[in-house]
Amino acid sequence: MDTIPREDYLPDFYLLEDDIVPDTLNSFNKTQEFTAVHAFLLGLRTGRGLPRE
């Protein structure tokens, strides 16, 4: 995980949205929401990024 660059990823999503058929855009947005929620929950479970006290 530490080798992945922490750059702005939004331009990549905008490029993907341009290539998606409008009928599947809603599914794409739901997939983004699902991934974001589960990434957040994984961070809570592992304590990633939290200071050790």
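Residues numbered from 1 in each chain as written. Predicted model: local features only at pLDDT ≥ 70, side-chain atom pairs only at ≥ 80, totals over all residues. Heavy atoms only, no water.

J.: What should I look at first to understand the pattern of salt bridges in this one?
T.: Once their charged atoms are close, side chains differing in charge can pair, the charge on each being opposite to the other. Inspection of every chain in the model, using the stated rule, returns 1 salt bridge. For Glu-33, the salt bridge goes to Lys-30, with nearest N and O atoms at 3.8 Å. With Glu-33 and Lys-30 both in helix α2 (residues 25-46), this residue pair falls 3 residues apart, about one helical turn. Judged by relative accessible area, Glu-33 falls into the partly exposed class, the value being 45%. (Salt bridge = Lys/Arg side-chain N within 4 Å of Asp/Glu carboxyl O. Helix = DSSP H or I, 4+ residues; strand = E, 2+ residues; numbered from the N terminus. Buried < 20%, exposed > 50% of the residue type's maximum accessible area, 1.4 Å probe, protein only.)

J.: Help me understand the packing of helix α1 (residues 10-19) against α2, please; the structure alone is not making it clear to me.
T.: To characterise two packed helices, one gives the angle between the axes of the helices and the distance between these axes. Running from N to C, α1 and α2 cross one another at 155 degrees; their axes reach a closest spacing of 10 Å. Between α1 and α2, the interaxial angle falls into the category roughly antiparallel. When you trace α1 past α2, the crossing you get is right-handed. In contact with Phe-13, Leu-16 and Glu-17 of α1, α2 contributes Leu-25, Phe-28, Asn-29 and Gln-32. Considering only residue class, the contact of α1 with α2 consists of 4 nonpolar, 2 polar and 1 charged. (Axes fitted to C-alpha atoms, helices over the stretch in contact; angles between N-to-C directions. Parallel < 35°, antiparallel > 145°, perpendicular 65-115°, else oblique. Left-handed = near helix turned anticlockwise from the far one by under 90°. Contact = heavy atoms within 4.5 Å. Nonpolar A, V, L, I, M, F, W, Y, C, P; charged D, E, K, R; others polar.)

Note that every value here comes from positions in space, so none of it alone points to a role or purpose.
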